[in-house]
Amino acid sequence: MDAYAPTADATAPLLPLAADARTNLVGLSREELIAAMATIGAPKFRANQLWQWIYNKGATEFEAMTSLSKTFRAELSERFVVQRPETTRDLASIDGTRKWLLKFPDGQEVETVHIPEEDRGTLCVSSQVGCTLTCKFCHTGTQKLVRNLSAAEIVGQVMHARDRLDEWNAGETDRKLTNIVMMGMGEPLYNYDNVSKALRIVMDNEGISLSKRRITLSTAGVVPMIARCGEDLGVNLAISLHAVTDELRDVIVPINKKYPIAQLLDACRTYPGSSNARRITFEYVMLKDVNDSPAEARELVRLLAGIPAKVNLIPFNAWPGAPFDVSTDAAIKVFADIVNAAGYSSPVRRPRGADILAACGQLKSDSIKLRKSELLKREAEAAAAAD
Ligand code: SAH
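Quick caveat: nothing in here was measured; it's all calculated off a predicted structure.

Q: Which residues make up the site of the ligand, and what values go with them?
A: In the vicinity of the ligand, 20 residues are found, and the nearest of them are Phe-137, Ser-218, Ser-240, His-242 and Asn-317. Backbone polar atom of Phe-137 to a nitrogen atom of the ligand: 2.9 Å apart, as the coordinates give it. One of the backbone nitrogen or oxygen atoms of Thr-219 is found 3.4 Å away from an oxygen atom of the ligand. If the ligand stood free it would expose 540 Å²; the protein chains cover 95% of that surface. Secondary-structure elements contributing two or more residues to the shell around the ligand are strand S10 (215–219) and strand S12 (280–286). The residue inventory of the shell around the ligand, partitioned by class, reads 10 nonpolar, 8 polar and 2 charged.

Here's what the structure looks like:
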């Protein structure tokens, strides 16, 4: 039994929940969409047309899908919806970062962050409401896991961002959402089925069509799932390393007790698709007097030998009540210089959106853990409503 994995009461809703009895088409795989259309006697090519309207043009209403006949559109509206999560908060940082608090029909909430940069725009997507991992420096880790997100809820974050950024009609050159990082709330490899289903939808080239090279999945180190992620999805991998000894990593990234550093790095060495052109990112949060010494920088270099790697140094982002301080600029520079001199790119990640608590490790929603009985009751109600 994996003590860190979500428990049975942390599962995603059984069905793509809509606010009413209709089924949400967002989050269905292509095959599922074809099957859903078959239930109303519509042929496969109708499903393909719908897919394009939903994921290529961003249509939210069947009424707008003008290549479909009026009667078919009316029929669709009776049975289905194309639904995004509801926005409960929309915050803009002085640096242009946006943070949205999004709410799902069962009342649970997650945060999604958009980070504009000169050459790209990155959407930081959540995979779970809360997290089971309890990394000591991470705000999300102080929130009890509520549940996994469904594929619909993961894709819904991307659709929502495209709506808000007015991205559906944007030309190739002025895109604001060019990259996705699975670095929001939650551990994506503990919700792999839904995350992979969602990413396949996002990568589908008749839809949102983001290349696997523009998607990065970040994990604290769920070792048995790493190879599969590379084989199935081929997305970029990021590892939240943060310590160079098991002794320290056991404390600050507790999943290390289950999958220690050596095992984690072995999985990285054999990650499918990694190469010098596609390096694995190692994230390293800079915690004052905890993990930021020159000796630790040298040990990091030793550990990474043989792995096509780059290192992201993330100055610790504080949150209310956090038990750490950020390293000094001088300590970060010495650390970065050592890693850099060994041939690894080691940029220091300027915090983005810190004024709206949108930076790494600052995400936390007010959702609380539902009792299992309550969760089952809601799922039963949803299932009954969908019949
Ligand atoms: N569970 C996944 C996805 C979360 S990604 C993972 O651990 O990789 C969020 C990234 O921000 C991780 O690298 C995490 O370790 C880092 N992080 C968490 N809290 C932070 C903080 N307070 N300051 C800076 N980085 C933080």
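Q: Can you explain the packing of aromatic side chains? Please cite residues and give values.
A: What the rule picks out here adds up to 3 aromatic pairs. Judged by centre distance (4.6 Å) and plane angle (55 degrees), the ring pair of Trp-51 and Tyr-55 falls under tilted. Of the two residues, Trp-51 and Tyr-55 are both situated in helix H2 (residues 44–56); the distance of 4 residues between them amounts to about one turn of the helix. Assigned by exposure class, Trp-51 and Tyr-55 land together as buried. The ring of Trp-53 carries the charged tip of Lys-57 above its face, separated from the ring centre by 4.4 Å.

Q: Requested: an account of the sheet that holds strand S9 (residues 179–182), with residues and values cited.
A: Within the open sheet, the 9 strands sit side by side as S3-S4-S5-S6-S9-S10-S11-S12-S13. Their pairing is mixed. Of all the strands in the sheet, the pair left with one neighbour each is strand S3 (86–92) and strand S13 (309–315). Taken pair by pair, the neighbouring strands of this sheet meet at an average axis angle of 20 degrees, ignoring direction. Summarising the sheet, S10 and strand S11 (residues 236–240) pair through 4 bridges and their orientation is parallel. Across the sheet, Thr-219 pairs through a bridge with Ile-239, a residue of S11.

Q: Give a description of the side chain of Thr-112 that names residues and reports values.
A: Among the secondary structure elements, Thr-112 is positioned in strand S5 (residues 109–116). Using a relative accessible area of 0% as the deciding quantity, one classes Thr-112 as buried. Polar contacts involving the side chain of Thr-112 include one to the side chain of Gln-157, which spans 2.8 Å. Those residues in contact with Thr-112, other than ones at most four positions away along the chain, are Arg-98, Lys-99, Trp-100, Leu-102, Leu-123, Cys-124 and Gln-157.

Q: Break down the pairing of S13 for me, with residues and values.
A: By the criterion of burial, S13 is predominantly enclosed, with 6 of the 7 residues buried. Two strands pair when backbone bridges link them, and S12 and S13 are joined in this way by 7 bridges, in the parallel orientation. Counterpart to Glu-283 in the pairing with S13 is Asn-312. Where the polypeptide runs from S12 across helix H9 (residues 294–304) and back to S13, its parallel neighbour, the crossover connection is right-handed.

Q: Which residues make up unusual backbone geometry, and what values do they have?
A: We note that Asp-166 has phi near 55 degrees; this positive angle belongs to a residue other than glycine. With respect to the helices, strands and loops of the structure, Asp-166 is situated in the loop between helix H4 (151–164) and S9. The residue Ser-209 is not glycine, and still its phi comes out positive at about 60 degrees. Here Ser-209 is to be found in the loop between helix H5 (192–203) and S10.

Q: An account of empty space enclosed by the protein is needed here, citing residue identities and associated values.
A: In the structure shown here, the tally under the stated rule is 3 cavities of 30 Å³ or more. Reported here for the second largest cavity is a volume of approximately 40 Å³. Around the second largest cavity, the lining residues are Gly-234, Val-235, Asn-236, Leu-237, Tyr-271, Gly-273, Ser-274, Arg-278, Arg-279 and Ile-280. For the lining of the second largest cavity, the per-class residue count stands at 4 nonpolar, 4 polar and 2 charged.

About the thresholds
- Residues numbered from 1 in each chain as written.
- Predicted model: local features only at pLDDT ≥ 70, side-chain atom pairs only at ≥ 80, totals over all residues.
- Heavy atoms only, no water.
- Near = heavy atom within 4 Å.
- Polar contact = N/O pair within 3.5 Å; in protein donor to acceptor, adjacent residues only side chain to side chain.
- Areas by Shrake-Rupley, 256 points an atom, 1.4 Å probe, with all protein chains shown as cover.
- Helix = DSSP H or I, 4+ residues; strand = E, 2+ residues; numbered from the N terminus.
- Nonpolar A, V, L, I, M, F, W, Y, C, P; charged D, E, K, R; others polar.
- Phe/Tyr/Trp six-rings, centres within 6.5 Å; stacked < 30°, edge-to-face > 60°.
- Buried < 20%, exposed > 50% of the residue type's maximum accessible area, 1.4 Å probe, protein only.
- Lys NZ or Arg CZ within 6 Å of the ring centre and 35° of its normal.
- Pairing = 2+ DSSP bridges.
- Axes fitted to C-alpha atoms, helices over the stretch in contact; angles between N-to-C directions.
- Contact = heavy atoms within 4.5 Å.
- Right-handed = clockwise from strand over helix to strand, strands pointing away.
- 1 Å grid on protein atoms, 1.4 Å probe; cavity = no way out; pocket = protein on both sides within 12 Å on 5 of 7 lines; lining within 4 Å.
- Points joined across faces, edges and corners; volume = space filled by probe spheres on them.

That's the geometry; what it means functionally is another story.
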